[in-house]
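Here is what each chain is made of, one letter per residue.
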Amino acid sequence: MAELIWKGKHAKEQESFINSTLASQHLCTYESFEGESFDGQPTVMPSNSTPAPTQRWYNRLILGDKSVILPLLLPEFAGQVNLIYIDPPFMTGRTFKNDQQLIYSDKWGNDLDTYLQWLYETFILLKLLLSSNGSLYVHLDWRVTHYARVILDEVFGSNSNAGGPGFKNEIIWHYHSGGRSQKRYASKHDTILFYSKSSQYCFHGERIGELRGTQKRNHMKKWVDTDGHTHWTIHSAGRLYSYGENTHMTPTDVWSDISHLHQKDPQRNGYATQKPAALLERVILASSEENDLVLDCFCGSGVTPAVAEQLGRRWIACDQSELALKLTHERILTSDRVHPFVIQRLEKDAK
Ligand SMILES: C[S@@+](CC[C@H](N)C(=O)[O-])C[C@H]1O[C@@H](n2cnc3c(N)ncnc32)[C@H](O)[C@@H]1O
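A short tour of the structure in this document, coming up. These numbers come from a predicted model, not from an experiment. Within every chain, residues take consecutive numbers counted from 1 along the sequence as written. Totals for whole chains, interfaces and linings use every residue, but because this is a predicted model, local features are given only for residues with pLDDT of at least 70 and side-chain atom pairs only at 80 or more, for both listing and counting.

1. A short note on the site of the ligand
Reasoning step 1: For each residue, a C-beta position is placed from the backbone atoms; the residue is near a molecule or strand when that point lies within 6 Å of it. Taken together, 22 residues sit near the ligand, with Asp87, Lys275, Phe298, Gly300 and Ser301 positioned nearest.
Reasoning step 2: Note on conventions: DSSP H or I runs of at least 4 residues are helices, E runs of at least 2 residues are strands, and numbering of each starts at the N terminus. Of all the secondary structure elements, the ones that give two or more residues to the shell around the ligand are α2 (66-77), β6 (101-105) and β17 (314-319).
Reasoning step 3: Class assignment of the residues belonging to the shell around the ligand gives a composition of ten nonpolar, seven polar and five charged. All residues other than Ala, Val, Leu, Ile, Met, Phe, Trp, Tyr, Cys, Pro, Asp, Glu, Lys and Arg, Gly among them, are scored as polar; the first ten of these are nonpolar and the last four charged.

2. Observations regarding the pairing of strand β8 (residues 166-174)
Reasoning step 1: Here the rule is simple: two strands pair whenever DSSP picks up at least two bridges between them. Relative to strand β9 (residues 189-196), β8 runs antiparallel, the two sharing eight bridges. Pairing of Ile171 across the sheet is with Ile192, part of β9.
Reasoning step 2: Pairing analysis gives two bridges linking β8 to strand β15 (residues 254-255), with the strands arranged parallel. Bridge pairing links Ile172 to Val254 in β15.

3. Overview of the sheet that holds strand β11 (residues 221-224)
Reasoning step 1: Taken in spatial order, the three strands line up as β11-β12-β13 in an open sheet, and their pairing is antiparallel. Edge positions in the sheet fall to β11 and β13 (239-244), since each has one partner strand and no second. Here the strands of the sheet are splayed against their neighbours by 30° on average, with no regard to which way each runs.
Reasoning step 2: One ladder, built from six bridges, connects strand β12 (residues 230-236) with β13; its direction is antiparallel. Looking across to β13, one finds that His231 is bridged to Gly244. As a rule, the C-alpha atoms of each element are fitted with a line to give its axis, helices using only the stretch in contact, and angles between N-to-C directions run from 0 to 180 degrees.

4. Structural notes on unusual backbone geometry
Reasoning step 1: Despite not being glycine, Trp108 shows a phi value in the positive range, around 60°.
Reasoning step 2: Locating Trp108 in the fold gives a position in the loop between β6 and α3 (112-129).
Reasoning step 3: Positive phi values are uncommon outside glycine, yet Asn291 reaches one of about 75°.
Reasoning step 4: Put simply, a residue is buried when 20 or more other C-beta atoms lie within 10 Å of its own C-beta and exposed when 12 or fewer do; between those, it is partly exposed, and each C-beta is set from the backbone. For Asn291, a count of 10 C-beta atoms within 10 Å puts it in the exposed group.

What is shown is where atoms sit, not what they do.
Here's what the structure looks like:
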């Protein structure tokens with residue numbers, strides 16, 4: 001199998017970034033919503049404390065660097081997360097600001113090795129958090145998707161068919177944002193890499209697909225039964241396939257029906273790299289069940305936890321940006337349905 005190598009890849013033992021005790025920090029709960037035991041004082045909830053079975057579930061919004069937070073989540077959540085969507089920095093070479101205030105830098109000292117190591121460590125930690133039937137979606141663009149795919153194949157496995165663990169799809173999200181290069185084709189898509197931890201994974205194409213309907217689409221033959229219902233049939237490889245008009249077609253791996261967010265889109269909450277809720281709806285509906293646990297460690301504007309909340313999934317969201325935390329917090333509170341959640345930050349362990 002091909003392996004991507006960069007300077008420093010094998011310099012660090014995996015244990016050094018997996019072992020949370022090295023971090024000398026813990027998660028501290030600062031605010032709790034619909035909480036029962038919160039008395040106004042920050043309550044320390046050590047991340048290695050396993051909640052009692054009767055304890056109520058609290059969704060979690062966490063401020064901090066994923067390199068510290070993900071290892072801290074491991075004692076409680078290893079093998080427990082059903083779905084992970086991440087939209088990490090794309091190595092754009094830019095800084096992202098809001099009113100002159102830095103939100104995050106995506107420069108990496110122009111050093112691809114540093115970025116790849118960071119991504120690799122992220123994938124390893126996320127795999128440990130995923131449940132055995134869990135799925136990972138990684139949202140990137142043309143700059144680093146090709147590297148990420150080789151690394152993900154190494155960490156999760158690669159298959160030419162959907163039957164095994166690892167690679168499932170390279171989804172193209174095609175949009176029509178402004179600006180066209182005069183020197184090359186205009187780049188108008190992002191890539192979302194979809195991987196599963198094992199061959200058993202949740203996937204509901206029928207929840208997100210279009211109805212087949214009565215309109216002719218391809219080479220299928222149409223017939224109408226005595227009740228007036230349309231059916232579509234096709235012979236392929238010696239088999240006859242027949243579908244009713246009310247069945248859903250699994251969407252293809254090219255998503256061109258979800259618009260990027262226009263400047264005046266009411267969904268916008270002031271975060272530069274905000275993604276549309278429809279994108280997350282598709283991912284969450286297809287790859288999780290109600291009450292499943294969804295994680296996004298680069299939550300930005302809060303789109304993943306907000307959609308997870310709406311769809312009745314439990315969630316853990318984190319980001320290193322104060323603005324991301326504030327906007328996500330506000331967004332969750334304006335949701336139609338808000339389940340109990342806590343806001344947590346990192347705190348140094350007492351000496
Ligand atoms: C592309 S944005 C995510 C946008 C988000 N999906 C949305 O729709 O708003 C990337 C996010 O990663 C966060 N980030 C960058 N490095 C991080 C790190 N080491 N740990 C946690 N968050 C980080 C940034 O603050 C930023 O919010």
